[in-house]
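Secondary and tertiary structure notes
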Amino acid sequence: MTGSLHRFANPARFQRLARAVLPWCAGGAAVAFALGLYLALVASPPDYQQGDTVRIMYVHVPAAWMALGGYTTMALASAVALIWRHRLGDLIAQSAAPIGAGFTIIALVTGMLWGQPMWGTFWVWDARLTSVLVLLFLYLGYIALVHAFDDPERGARAGAILALVGWINVPIVKFSVDWWNTLHQPASISRFAKPAIHPSILTPLLVMAAAFMLLFATLLLLRVRAAIVEHRLRTLAMARARG
Amino acid sequence: MMKEFLEMGGYAAFVWPAYGATLFVLALLIVDSVRRLKRGQDELARLEGSEE
Amino acid sequence: MTPFLVLIRRDLALSLRQAADALVAVMFAVLVVVLFAFGVGPEANVLSRISAGVVWVAALLAAMLSLDRLFQADHDDGSLEQLALGPLPLWSVALAKATAHWLVTGVPLIVAAPVLALMLAMPPDGLATLLAAMILGTPCFSLLGAIGAALVLGARRGGVLVAFLVLPLAIPVLIFGTAATEAALTGLEAAPHLMLLGACLLATLALAPAAAAAALRQAVG
């Protein structure tokens, strides 16, 4: 079942589409980042409770959103790949995984750096932080499984099933971690101070979220285009080996 | 003015590393993605170039 | 005797011939408990506080051991292809394999759980709930394990990888199982935790065979 090119008709179309959209995504991401960073670091006031540490939230929260968004992208692309046998779905899922994992790592690191001034320790078994940690293991499990096979297509199909099984589990894990957290949590500590979303705080957050999303799209397009080229190279190499 | 900005209300040791880590990971992703695409395209050009 | 039971009996016979499998899982769990005692120290009040969690983690890790061989032998000697073409749909093949795995590793762990708990100075009034929770929880380990085992068929270093894939998925079962046992120990109501554990079992019973079958179909190709 080699991924010969004709069954893969739409990547050519995808390549053209990607090449057209890419500059807009990249440009949009750059502008949104510039504006977002300015708003987050300079233009917005410190929070009356947390002071300047609230600025960490402007990267932590969008990163956590994109961590989940990335996993959903993987699951949807995997579903497309499994149901309609579209190799492009696999390539999109495999391209989204490292990006999503990257955002998950950012969410964890910034979460710990935010936790230190607020609770005095870097790691607190707070429900949200713990769920993001489990999400990271789901990402790493997917990436490890996909690369554990000699035949990339075999790895992609196994990964697709794992991504779907994992995606069904994300809400269950989230629920059980919240349940576990309320059991062991003296109510006082982890009131993960949800700052009242005052406009001066909401705007930088939303602009940064937009920047993260545009950057995710840019990176995804880049990696999918690269994956299509690499697939083409493999097909050529096989053809030459047989030829 | 610059000094207060850098101090981040005394939380400089947490805010700047957080932004540093974020930009580092994102830069890593950007560089890897762009280089992967470039390398593939050059290889493809070389292969398809030699075939015609 | 329906083909389903025939398959389970065949797997049981296969695994019981190497009875070591059942013993290995239980011995591994005992070893984990002993290591915790060495690490944490012999004070009974400390051990009893962590007893529920340690017993559950030991059981979960022990269940992971024999997973990668669940389909490996059939995959290598080609009988998996026969099974795929045979009367049984693939999902019931997966269910049969998971059942055989549970009988060989899950049941011995359930039997050993009270002993492990007493070794960790767990007060006796928690043992009944521990047993109930283990009866509901260990099948989930085998069913989730069946998905993992099917996914890593033909993968490099499948043994390590299967645990790495299955453990995150088993976290809810671990949380509800430990919470039920600890609730009983602290005199709280264990029923809600056990019911959630039962829900996990039903959901896994419904979904895992289908997922494992999809993975087997990829492996058979």
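Parameters at a glance
- Position numbers for residues start from 1 in each chain and track the written sequence from start to end.
- All chains are assigned letters beginning at A, and all ligands numbers beginning at 1, according to the order in which they are written.
- Given that this is a predicted model, residues contribute local features only at a pLDDT of at least 70 and side-chain atom pairs are listed and counted only at 80 or more, while totals for whole chains, interfaces and linings are drawn from all residues.
- With hydrogens and water excluded, all non-hydrogen atoms of the structure serve as input to the side-chain values.
- In this text, helices come from DSSP runs of H or I with a minimum length of four residues, and strands from runs of E with a minimum of two, each type numbered from the N-terminal end.
- What the globule rule says is 2.2 Å times the number of residues to the power 0.38, and the radius of gyration is computed from C-alpha atoms.
- Summary of the burial criterion: residues with accessible area below 20% of their type's maximum are buried, those above 50% are exposed, and those between are partly exposed, where the area comes from a 1.4 Å probe applied to protein chains only.
- Note on areas: Shrake-Rupley with a 1.4 Å probe; residue coverage comes only from the protein chains shown.
- We count Lys and Arg on the positive side and Asp and Glu on the negative side, and we leave His and both chain ends out.
- Just so you know, the charge point we use is NZ for Lys, CZ for Arg, CG for Asp and CD for Glu.
- A contact between two residues is defined here by any heavy atoms of the two lying within 4.5 Å.
- Once two parts are brought into contact, the accessible area they lose, counted with a 1.4 Å probe and summed over both, makes up the buried area.
- A pairing counts as a salt bridge when a side-chain nitrogen of Lys or Arg comes within 4 Å of a carboxyl oxygen of Asp or Glu.
- Two N or O atoms form a polar contact when they lie within 3.5 Å of each other; inside protein one atom must be a possible hydrogen donor and the other a possible acceptor, and for residues adjacent in sequence the pair counts only when both atoms belong to side chains.
- For this classification, Asp, Glu, Lys and Arg are treated as charged, while Ala, Val, Leu, Ile, Met, Phe, Trp, Tyr, Cys and Pro are nonpolar and the rest, including Gly, are polar.
- Surface patches are defined over residues having more than 30% relative accessible area and no salt bridge, joining like charges when they lie within 9 Å and nonpolar side chains (Val, Leu, Ile, Met, Phe, Trp, Tyr) when within 5 Å.
- We call a set of buried Ala, Val, Leu, Ile, Met, Phe, Trp, Tyr and Cys residues a nonpolar core when their side-chain atoms join them within 4.5 Å.
- A helix is expected to span 1.5 Å for every residue after the first.
- Note that the bend at a residue is defined as the angle between axes fitted to the seven residues ending at it and the seven residues starting at it.
- Pairing of aromatic rings covers Phe, Tyr and the six-membered ring of Trp, with a centre-to-centre limit of 6.5 Å; geometry is then stacked below 30 degrees between planes, edge-to-face above 60, and tilted otherwise.
- What pLDDT reports is the predictor's confidence in each residue, on a scale of 0 through 100.
- When two cysteine sulfur atoms lie within 2.5 Å, the pair is treated as a disulfide.

What follows covers the overall build of chain C. When its secondary structure is counted, chain C shows nine helices and zero strands. Moving toward the C terminus, one meets the helices and strands of chain C in the order α-α-α-α-α-α-α-α-α. In summary, chain C has a C-alpha radius of gyration of 18 Å against a globular reference of 17 Å for 221 residues, a match within 12%. Across its three principal directions, the C-alpha atoms of chain C cover 55 × 35 × 30 Å.

The next subject is the overall build of chain B. Summing up its helical and strand segments, chain B has two helices and zero strands in all. Here chain B has a C-alpha radius of gyration of 21 Å; the compact-globule value for 52 residues is 10 Å, and the former is much larger. With respect to the three principal axes, the spread of C-alpha positions in chain B is 65 × 20 × 5 Å. Looking at chain B as a whole, 27% of its 52 residues are labelled buried. Counting every atom, chain B has about 3400 Å² of accessible surface; 67% of that belongs to carbon and sulfur. Distance from the positive charge centre (6 side chains) to the negative charge centre (8 side chains) of chain B: 5 Å.

Quick look at the interface of chain C and chain A now. Chain C puts 28 residues into the contact, and the matching count from chain A is 31 residues. Taken together, the two surfaces of chain C and chain A that pack against each other cover about 2300 Å², and 75% of this comes from carbon and sulfur. It is Leu151, Arg156 and Gln218 of chain C in chain C that bury the most area against chain A; as a group they hold 27% of the surface buried on that side. At the boundary of chain C and chain A, one finds one salt bridge. One salt bridge connects arginine 156 of chain C with aspartate 150 of chain A, and the closest N-O pair in it is separated by 2.4 Å. The tally of links between chain C and chain A comes to six residue pairs in polar contact (both at pLDDT 80 or more). Only α7 (127-151), α8 (158-185) and α9 (191-220) of chain C provide two or more residues apiece to the side of chain C that touches chain A. For the side of chain C that touches chain A, the residue count by class is 23 nonpolar, three polar and two charged.

Before going further, it helps to examine the side chain of threonine 22 of chain B. You can see threonine 22 of chain B is positioned in helix α2 (residues 12-51). Residue classification places threonine 22 of chain B among the buried positions, given a relative accessible area of 1%. Beyond its immediate chain neighbours, meaning those up to four positions away, threonine 22 of chain B contacts Val59, Ile106, Thr110 and Phe212 of chain A.

This part covers a nonpolar patch on the surface. On the surface, a nonpolar cluster with roughly 370 Å² of combined accessible area is contributed by Trp65, Ile197, Leu202 and Leu206 of chain A. Following the sequence through the fold, leucine 206 of chain A ends up in helix α6 (residues 199-242).

At the junction of the two partners, chain B supplies 28 residues and chain A supplies 35 residues. Of the roughly 2900 Å² buried between chain B and chain A on both sides combined, carbon and sulfur atoms contribute 78%. Remark: the boundary between chain B and chain A carries three salt bridges. The partner of arginine 36 of chain B in a salt bridge is glutamate 230 of chain A, and the shortest N-O contact between them spans 3.8 Å. Here chain B and chain A share five residue pairs in polar contact (both at pLDDT 80 or more) between them.

Our next topic: the nonpolar core. By size, the foremost hydrophobic cluster in this structure holds 161 residues, and its most contacted members are Tyr58, Met74 and Leu145 of chain A together with Trp56, Leu130 and Leu151 of chain C. If you tally residues by element for this core, the top one is α6 of chain A, at 18 residues. Not counting chain neighbours up to four residues away, the residues in contact with leucine 151 of chain C comprise Leu145, Phe149, Arg154, Ala158, Ile161 and Leu162 of chain A together with Leu165 and Ala215 of chain C.

Right, let's talk about the environment of valine 26 of chain C for a bit. All names here are of chain C. Turning to its location among the elements, valine 26 is positioned in helix α2 (residues 20-40). Along the sequence, valine 26 and alanine 58 sit 32 residues apart, while their C-alpha atoms lie 9.2 Å from each other. Residues within four places of valine 26 in sequence aside, it is in contact with Pro108, Leu109 and Ala112.

Our focus in this paragraph is α8 of chain C. All names here are of chain C. Helix length check: α8, at 28 residues, gives a terminal C-alpha distance of 38 Å against a target of 40 Å (1.5 Å per residue), a fit within 8%. At alanine 170, α8 shows its maximal bend, which comes to roughly 45°, and the proline proline 172 appears one to four places after that position. Counting buried positions along α8 yields 21 of 28 residues, so the element is predominantly enclosed. Backbone geometry just after α8 places glycine 187 at a positive phi near 75°.

Here the focus is unusual backbone geometry. Positive phi values are uncommon outside glycine, yet arginine 85 of chain A reaches one of about 55°. Within the secondary structure, arginine 85 of chain A sits in the loop between α2 (54-84) and α3 (87-119).

Next up on the list: helix α4 (residues 127-146) of chain A. Residue and element names in this part refer to chain A. Taking 1.5 Å as the rise per residue, α4 with 20 residues should run 28 Å; its terminal C-alpha atoms sit 29 Å apart, in good agreement. Counting buried positions along α4 yields 14 of 20 residues, so the element is predominantly enclosed. Where α4 begins, the side chain of aspartate 126 points an oxygen toward the backbone nitrogen of arginine 128, at a separation of 3.0 Å.

Applying the stated criterion across every chain, the model contains 12 aromatic pairs over all chains. Ring centres of phenylalanine 137 of chain A and phenylalanine 164 of chain C lie 6.2 Å apart, and the angle between their planes is 80°; this geometry places the pair in the edge-to-face category. With phenylalanine 137 of chain A in helix α4 and phenylalanine 164 of chain C in helix α8, this pair bridges two chains. In this structure phenylalanine 137 of chain A comes out as partly exposed when scored by relative accessible area, which is 37%.

With that out of the way, let us pick up the pattern of salt bridges. Scanning all chains against the criterion turns up 13 salt bridges over all chains. Members of the salt-bridge network, linked through shared partners, are Arg87, Asp90, Glu153 and Arg157 of chain A.

Our next topic: the confidence of the model for chain C. Do not read the predicted coordinates in detail wherever pLDDT is low. Residue and element names in this part refer to chain C. Here chain C shows a mean pLDDT of 91. Residues at 70 or above account for 97%. Within chain C, no element has a lower average pLDDT than helix α1 (residues 3-17), which sits at 74, and none a higher one than α7, at 96. Both confidence scores are given for the complex: pTM 0.91, ipTM 0.91.

This part covers the state of the cysteines. Residue and element names in this part refer to chain C. According to the stated counting rule, one finds zero disulfides over all chains in the structure shown. This cysteine, cysteine 200, is not joined by any disulfide, and cysteine 140 carries the nearest cysteine sulfur, 6.0 Å off. With relative accessibility at 12%, the residue cysteine 200 sits in the buried group.

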